Amino acid sequence: MDEADEPILIGGTMDEEGEPILIGGTMDEEDETILFYSVNDTFVCWNIDDCPIPVDTDLGSIVNNFEHALHQMGFEGRMSINVDCKKLNSNEEALFKAGRIFYLPYGETMCRNFVTRPTLDMTFYMLSVLRETAPILANLAVVVKPNIDPGGELHRVLHCLKSRGHNVLLVELPPDEKCLFSVDSLLKNSRFLGGGKPRAKKELTPEEMREMQRPYDSEEEEEEDGSYDVSDLSNQKMLDFSERIKHVKGPRTVVFWDAIDCPFPLCFSPEQIFQKIKSVLMKKGTNDNITIWAYVDERSWRDKCLGNKTWDSRIYFLPAGDRRVRMLNDMYLQCRDAPLHHCPGLLILVSNHFSGDPFYMDLFQDMEHQNYHPFLIIPREHSNISESPDEWPQSLFNRPRKSSQGPLPKKPKLDAA
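Residues numbered from 1 in each chain as written. Predicted model: local features only at pLDDT ≥ 70, side-chain atom pairs only at ≥ 80, totals over all residues. Heavy atoms only, no water.

What to know about the environment of Ala-294
Next up, step 1: Relative to the assigned elements, Ala-294 resides in strand S12 (residues 290-296).
Next up, step 2: Judged by relative accessible area, which is 0%, Ala-294 ranks as buried.
Next up, step 3: Separated by 36 residues in the primary sequence, Ala-294 and Asp-258 have C-alpha atoms spaced 6.0 Å apart.
Next up, step 4: Discounting residues that sit within four places of it in the chain, Ala-294 has contacts with Trp-257, Phe-264, Tyr-316, Phe-317 and Leu-318. (Helix = DSSP H or I, 4+ residues; strand = E, 2+ residues; numbered from the N terminus. Buried < 20%, exposed > 50% of the residue type's maximum accessible area, 1.4 Å probe, protein only. Contact = heavy atoms within 4.5 Å.)

Given below as structure tokens:
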């Protein structure tokens with residue numbers, strides 16, 4: 001079979017053996033065409049600070065043109081356009097409402113608890129809104145500038161969502177011409193993440209229709225005997241959330257550690273760091289199924305810990321970047337990949353970047369809805385504590401601390417979902 005005749009993936013769904021459902025398609029070196037069909041909802045996300053709406057453009061026509069273009073590309077489900085920006089004036093707000101375009105922070109019920117409307121990175125809203133559609137895999141279309149930064153959080157999160165089965169469509173604004181958001185312009189400038197221009201497959205067999213509506217992300221835990229098995233969790237692979245974390249049964253403790261706010265002693269190896277933190281936690285009564293994600297300064301930790309994993313313990317070093325944004329996104333990915341149904345879980349966040357911000361704290365406390373007991377340790381409140389490497393990190397866990405639920409419980413318990 002020639003490359004041009006290779007079958008093309010439809011809708012990101014799988015058959016009973018876990019293999020992708022394929023249909024015929026055509027491929028060119030420069031402009032691949034993918035026959036596509038999906039009945040799932042499509043969420044269009046648009047940062048209008050980065051990609052402004054053309055002046056004097058009728059917003060109602062933009063919505064209609066998006067709907068028509070998406071249908072021609074095979075997206076047959078319901079569509080909503082969601083915009084994000086640092087500040088929205090009253091005139092823009094009225095126009096958006098009239099044009100059936102939604103301002104993203106209003107999509108968060110927690111925003112209604114605060115006088116000011118906080119601005120989060122748009123990537124968090126993507127993760128949040130798509131989580132609400134589970135177990136159905138909604139589609140995502142994102143208005144972006146061409147050649148988005150491969151090292152940016154938007155690029156990373158889009159690939160995270162693609163690896164978890166979502167269809168991700170990029171609507172790229174042309175660099176040298178004015179995009180009027182006509183149907184033709186949207187068709188011309190839209191492509192799947194990874195390449196390929198979707199075009200609607202006109203007819204599906206009954207079997208294809210059934211498979212298109214079967215959720216892929218619907219794995220559930222089995223906790224019949226209350227036991228858990230960590231044998232399937234590979235310690236040798238760097239788990240960086242770029243793909244779905246393999247399912248592990250039973251109670252667990254996950255730690256997200258800002259190692260810039262709270263540095264690790266440089267004298268310790270990754271193995272020693274993990275064992276010392278694990279020892280302190282187990283003395284507090286936590287289970288021994290512990291995973292740690294540490295966010296580090298690339299300049300000082302690149303050679304030592306970033307990249308390929310060379311140790312056995314479940315501690316993973318990730319580049320910090322915008323720490324509050326990335327850590328919050330990764331916590332939501334963790335809760336999505338490893339949901340808890342009938343067993344307790346503890347989520348420990350070591351960071352200065354959440355305290356004092358009621359909105360971020362509300363989002364952090366939202367982890368409890370995923371059956372993870374959230375607990376915050378604020379390193380700056382312990383900056384005057386001196387301890388030898390042999391004692392580290394006991395003082396961080398032993399002294400009085402703030403948390404969404406009070407002190408670290410010796411035996412964390414949660415009601416069954």
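Having seen it, we continue.
Quick look at the nonpolar core
Next up, step 1: Formed by 82 residues in total, the largest nonpolar core has its most connected members in Phe-256, Trp-257, Phe-264, Trp-293 and Phe-317.
Next up, step 2: Domain assignment of the residues forming this core places at least three in each of domain 1 (23-213) and domain 2 (241-398).
Next up, step 3: With 32 residues, the next largest nonpolar core counts Leu-59, Phe-96, Val-143 and Leu-169 among its residues. (Core = buried A, V, L, I, M, F, W, Y, C linked by side-chain atoms within 4.5 Å. Domains from an automatic or database assignment.)

Here's the deal with helix H3 (residues 122-132)
Next up, step 1: The buried count for H3 comes to 9 of 11 residues, which makes it a mostly enclosed element.
Next up, step 2: Along H3, the positions that sit buried rather than exposed are Met-122, Thr-123, Phe-124, Tyr-125, Met-126, Leu-127, Ser-128, Leu-130 and Arg-131.
Next up, step 3: Buried residues in H3 make contact with strand S4 (42-47), strand S5 (79-84), strand S7 (139-144), helix H4 (153-163), helix H9 (323-337) and helix H10 (358-365).

Focus: the pattern of salt bridges
Next up, step 1: By the definition in use, this model includes 10 salt bridges.
Next up, step 2: In this structure, Arg-131 engages Glu-132 in a salt bridge whose closest nitrogen and oxygen atoms are separated by 3.5 Å.
Next up, step 3: Overall, Arg-131 belongs to the buried group, its relative accessible area being 18%.
Next up, step 4: On the accessibility criterion, Glu-132 (56% relative accessible area) is exposed.
Next up, step 5: For Glu-153, the salt bridge is made with Arg-156, and the minimal N-O distance between the two is 2.7 Å. Remark: Arg-156 and Glu-153 occur in helix H4; sequence separation between them is 3 residues, near one turn of the helix.
Next up, step 6: A relative accessible area of 16% places Arg-156 in the buried class. (Salt bridge = Lys/Arg side-chain N within 4 Å of Asp/Glu carboxyl O.)

Comments concerning the packing of aromatic side chains
Next up, step 1: Inspection of the entire model under this criterion finds 22 aromatic pairs.
Next up, step 2: Taken together, the aromatic side chains of Trp-257, Phe-264, Phe-268, Trp-301, Trp-311, Phe-317, Trp-392 and Phe-397 make up a single cluster linked through ring pairs. (Phe/Tyr/Trp six-rings, centres within 6.5 Å; stacked < 30°, edge-to-face > 60°.)

Things to note about the sheet that holds strand S9 (residues 190-192)
Next up, step 1: Ordered in space as S6-S5-S4-S7-S8-S9, the 6 strands form an open sheet in which the pairing is mixed. Every interior strand has two partners, whereas the edge strands, strand S6 (101-103) and S9, have only one. Strand-to-strand twist in this sheet, taken as the mean axis angle between neighbours without regard to direction, amounts to 25 degrees.
Next up, step 2: Packing against the sheet, H3 makes contact with S4, S5 and S7, and its axis sits at approximately 165 degrees to S4.
Next up, step 3: On the sheet, H4 packs against S7 and strand S8 (168-172) and is oriented at approximately 160 degrees with respect to S7. (Pairing = 2+ DSSP bridges. Axes fitted to C-alpha atoms, helices over the stretch in contact; angles between N-to-C directions.)

Brief notes about the sheet that holds strand S11 (residues 252-258)
Next up, step 1: The strand order across the open sheet built from 5 strands is S13-S12-S11-S14-S15, with neighbouring strands paired in parallel fashion. The open sheet terminates on both sides in strands that have one partner only, identified here as strand S13 (315-319) and strand S15 (373-377). Ignoring strand direction, the axes of neighbouring strands in this sheet form an average angle of 15 degrees.
Next up, step 2: Across 5 bridges, the pairing between strand S14 (residues 345-350) and S15 is parallel. Pairing of Leu-347 across the sheet is with Pro-374, part of S15.
Next up, step 3: Where helix H7 (residues 270-283) meets the sheet, its contacts fall on S11, S12, S13 and S14, and the angle it forms with S12 comes to roughly 125 degrees.

Regarding the confidence of the model for the protein chain
Next up, step 1: Overall, the prediction assigns the protein chain a mean pLDDT of 77, with 73% of residues at 70 or greater.
Next up, step 2: Below a pLDDT of 50 lies the segment residues 1-10, which in the model reaches 29 contacts outside its immediate sequence neighbourhood of four places, other chains included.
Next up, step 3: The low-confidence segment residues 12-30 (pLDDT under 50) makes 46 contacts with residues lying over four places distant or belonging to another chain. (pLDDT = per-residue confidence, 0-100.)

Some points on the packing of H3 against H9
Next up, step 1: Between H3 and H9, the shortest axis-to-axis distance is 9 Å and the interhelical angle comes to 15 degrees. Classified by the angle between their axes, H3 and H9 sit roughly parallel to one another. Taken as a pair, H3 and H9 cross one another with a handedness that is left-handed. Across from Thr-123, Phe-124, Leu-127 and Arg-131 in H3, the residues of H9 making contact are Val-325, Leu-328, Asn-329, Tyr-332 and Leu-333. (Parallel < 35°, antiparallel > 145°, perpendicular 65-115°, else oblique. Left-handed = near helix turned anticlockwise from the far one by under 90°.)

Points about the pairing of S15
Next up, step 1: Burial within S15 is extensive, with 5 of its 5 residues counted as buried.
Next up, step 2: Neither face of S15 is left uncovered, since the one carrying His-373, Phe-375 and Ile-377 and the one carrying Pro-374 and Leu-376 both have all their residues buried.
Next up, step 3: Between the parallel elements S14 and S15, the chain passes through H10 in a crossover that is right-handed. (Right-handed = clockwise from strand over helix to strand, strands pointing away.)

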